[in-house]
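Structural description and commentary
These are the residues of each chain, in order.
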Amino acid sequence: MRIRAEFIKGDRVRFVSHLDTMRAWERAMRRADLPVTFSQGFNPHPKMSLASSLAVGLTGRAEIIEVTLNEPVAPEDFVRRVNAAMSEGLRATRAREVAAEAPNPAAEVSGATYEARPSGGGGSSGSGPAGPVDEAAVRRAIDLFKEAEAVPVVRRTDKGEREMDLRPLVHDLRWEDGRLTMVLSAGQNGTARPTD
């Protein structure tokens with residue numbers, strides 16, 4: 001049986017890495033006595049995967065994890081049991097059973113919505129380390145980005161630097177209520193990072 005759960009990664013665990021998030025899930029499912037399926041071989045590990053990795057320092061309101069179980073467990077029972085055993089800052093919000101032949105969760109993710117607020121402030125106008133945000137300048141920059149035919153960025157990888165066009169990977173970009181909202185592509189057709 002495959003269970004796909006949505007969960008929150010809150011502010012208290014925003015600096016927890018992808019690997020440590022997986023370990024926290026593994027420990028919680030062990031403590032909850034959930035019948036998790038393990039791989040075969042010399043070093044068995046639980047059959048579970050996150051749809052995408054959240055960068056260190058970011059929080060998430062709708063992260064996705066998929067777990068394979070040996071026995072049927074009602075999705076609402078899965079949520080209740082795992083939350084009772086979960087580390088503070090991580091919380092499952094809902095779950096559902098997925099068909100055995102369904103694609104893995106990473107293949108089904110096509111995008112993500114990010115919100116960024118200026119550090120050091122909040123409110124409707126926002127303020128950053130250098131003082132209040134010039135909202136008119138932010139809106140002009142957004143308009144220029146949307147009007148551009150191409151927005152080249154350089155990505156550093158293990159194999160060197162690679163230039164890519166960011167423009168087709170950004171589906172929406174807006175400033176409202178003191179925050180920048182970005183709807184970005186993620187997945188097999190290309191991924192835009194909020195830091196880009």
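An account of the accompanying structure is given in this report. Source: prediction; values computed, not measured.

Some thoughts on the overall build of the protein chain
Regarding its fold elements, the protein chain presents four helices and eleven strands. Overall size of the protein chain, expressed as C-alpha extent along the three principal axes, is 55 × 35 × 30 Å. For the protein chain, buried positions account for 35% of its 196 residues. Here the analysis covers contacts within the protein chain between residues at least 6 apart in sequence; of these, 63% occur between residues at least 24 apart. A total accessible area of about 12000 Å² is found for the protein chain, and carbon and sulfur atoms account for 49% of it.

As for the packing of aromatic side chains
Inspection of every chain in the model, using the stated rule, returns one aromatic pair. Pairing Phe7 with Trp25 gives two aromatic rings, centres 5.2 Å apart and planes at 70°, and the pair type is edge-to-face. Here Phe7 is found in strand β1 (residues 2-9), whereas its partner Trp25 is found in helix α1 (residues 18-31), with 18 residues between them in sequence. By the burial criterion, Phe7 is buried, and Trp25 matches it.

Quick notes on the layout of surface pockets
Reported here for the largest pocket is a volume of approximately 1100 Å³. Lining the largest pocket are 32 residues; nearest its centre among them are Leu54, Leu58, Thr59, Thr113 and Tyr114. Elements represented by at least two residues in the lining of the largest pocket include exactly β3 (60-68) and β5 (111-116). Looking at the lining of the largest pocket, the element that brings in the most residues is β5, giving six residues. Split by residue class, the lining of the largest pocket holds 15 nonpolar, ten polar and seven charged. Approximately 170 Å³ is the volume found for the second largest pocket. If you trace the second largest pocket, you find it lined by Arg4, Ala5, Glu6, Ile64, Arg94, Ala95, Arg96, Pro105, Glu108 and Val109. Each residue belonging to the lining of the second largest pocket can be placed in one class, and the counts come to five nonpolar, no polar and five charged.

Focus: empty space enclosed by the protein
Where empty space is left in the structure can be found by rolling a water-sized probe over the atoms. What the rule picks out here adds up to one cavity of 30 Å³ or more. Its boundaries defined by the atoms lining it, the largest cavity holds a volume of some 50 Å³. In terms of lining, the largest cavity is formed by Phe7, Lys9, His18, Thr21, Leu50, Ser52, Leu54 and Glu63. Of all the elements in the fold, those that place two or more residues in the lining of the largest cavity are β1 and α1. Considering only residue class, the lining of the largest cavity consists of three nonpolar, three polar and two charged.

Thresholds, definitions, all that
- Residues numbered from 1 in each chain as written.
- Predicted model: local features only at pLDDT ≥ 70, side-chain atom pairs only at ≥ 80, totals over all residues.
- Heavy atoms only, no water.
- Helix = DSSP H or I, 4+ residues; strand = E, 2+ residues; numbered from the N terminus.
- Buried < 20%, exposed > 50% of the residue type's maximum accessible area, 1.4 Å probe, protein only.
- Contact = heavy atoms within 4.5 Å.
- Areas by Shrake-Rupley, 256 points an atom, 1.4 Å probe, with all protein chains shown as cover.
- Phe/Tyr/Trp six-rings, centres within 6.5 Å; stacked < 30°, edge-to-face > 60°.
- 1 Å grid on protein atoms, 1.4 Å probe; cavity = no way out; pocket = protein on both sides within 12 Å on 5 of 7 lines; lining within 4 Å.
- Points joined across faces, edges and corners; volume = space filled by probe spheres on them.
- Nonpolar A, V, L, I, M, F, W, Y, C, P; charged D, E, K, R; others polar.

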